[in-house]
Amino acid sequence: MNYFQNITDLEQAKQRYRTLAKELHPDKGGSALRFQQMQEEYKTLLLELQRKQVAPTGQNNPQQSDIMAELGKLAKVLIQKQVPQRYLQEKIKKSQSPIEKSLFSKLVDFLNELEIK
């Protein structure tokens, strides 16, 4: 990890994300590529923290719920910014399979129709 080294809990992750977002966001003079890389690393970290926090009984605990809420927020931002849609559109261009193209196209349509509140 480049941006989130030595982060061990959700609160640390959130704080580090806020700091990095202020530095790396393109509207603040940062690089779009570096900002997207940081967001991907944040998503990976949240998933890793979630895996570590899963209770042995399979029941959710409060920190796991917080992580899921953060992942949900991140997903909304990514969809709103058309990140997965652009990725899928690139896959459509490169795909040789009509079935794959149709599936990816329908996913793009679905993501575009999601209401982001």
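Before reading on, note that the structure itself is shown above.
Conventions used here
Here, residues in each chain are numbered from 1, in the same order as that chain's written sequence. Where totals are concerned, whole chains, interfaces and linings use all residues; where local detail is concerned, this predicted model gives features only for residues with pLDDT of at least 70, and gives and counts side-chain atom pairs only at 80 or more. Processing note: side-chain calculations cover all non-hydrogen atoms of the structure and skip hydrogens and water entirely. Secondary structure elements follow DSSP: runs of H or I of four or more residues count as helices, runs of E of two or more count as strands, with numbering from the N terminus. Each residue is assigned to one of three classes by its accessible area relative to the maximum for its type, calculated with a 1.4 Å probe on protein chains only: buried under 20%, partly exposed between the two thresholds, exposed over 50%. Each polar contact in these results corresponds to two N or O atoms within 3.5 Å; when the atoms are within protein, one needs to be able to donate a hydrogen and the other to accept it, and residues that are neighboring in sequence are counted only if both atoms are side-chain atoms. Residue contacts follow a heavy-atom distance rule, with two residues in contact if any of their heavy atoms lie within 4.5 Å. All axes here are fitted lines through C-alpha atoms, helices being fitted over the stretch that makes contact, and every angle between N-to-C directions spans 0 to 180 degrees. These descriptions rest on fixed angle ranges, namely under 35 degrees for roughly parallel, over 145 for roughly antiparallel, 65 to 115 for roughly perpendicular, and the rest for oblique. Note that Gly is not counted as nonpolar here; it falls among the polar residues with everything else outside the nonpolar set of Ala, Val, Leu, Ile, Met, Phe, Trp, Tyr, Cys and Pro and the charged set of Asp, Glu, Lys and Arg.

A. Focus on the side chain of Gln85. Within the secondary structure, Gln85 sits in helix H4 (residues 83-94). By relative accessible area, which is 0% here, Gln85 ends up buried. In this structure the side chain of Gln85 is engaged in a polar contact, spanning 3.3 Å, whose partner is the backbone oxygen of Ile79. Filtering out sequence-adjacent residues up to four positions away, Gln85 remains in contact with Leu78, Ile79, Val108, Leu111 and Asn112.

B. Expanded view of the packing of helix H1 (residues 10-24) against helix H2 (residues 32-53). The geometry of H1 relative to H2 is characterised by a closest axis approach of 10 Å and an angle of 175° between their N-to-C directions. For the element pair H1 / H2, the angle class is roughly antiparallel. Contact with H1, carried on its side by Leu10, Ala13, Lys14, Tyr17, Leu20, Ala21 and Leu24, involves Arg34, Phe35, Met38, Gln39, Tyr42, Leu45, Leu46 and Leu49 of H2 and no other residues of that element. Split into classes, the residues belonging to the contact of H1 with H2 amount to 12 nonpolar, one polar and two charged.

C. Spatial organisation of the environment of Asn112. Turning to its location among the elements, Asn112 is positioned in helix H5 (residues 98-113). The exposure class assigned to Asn112 is partly exposed, which follows from its relative accessible area of 39%. Separated by 30 residues in sequence, Asn112 and Gln82 have C-alpha atoms that sit 8.0 Å apart. Every residue in contact with Asn112, bar those within four places of it in the chain, is listed here: Gln82 and Gln85. At 3.2 Å, the side chain of Asn112 forms a polar contact with the side chain of Gln82.

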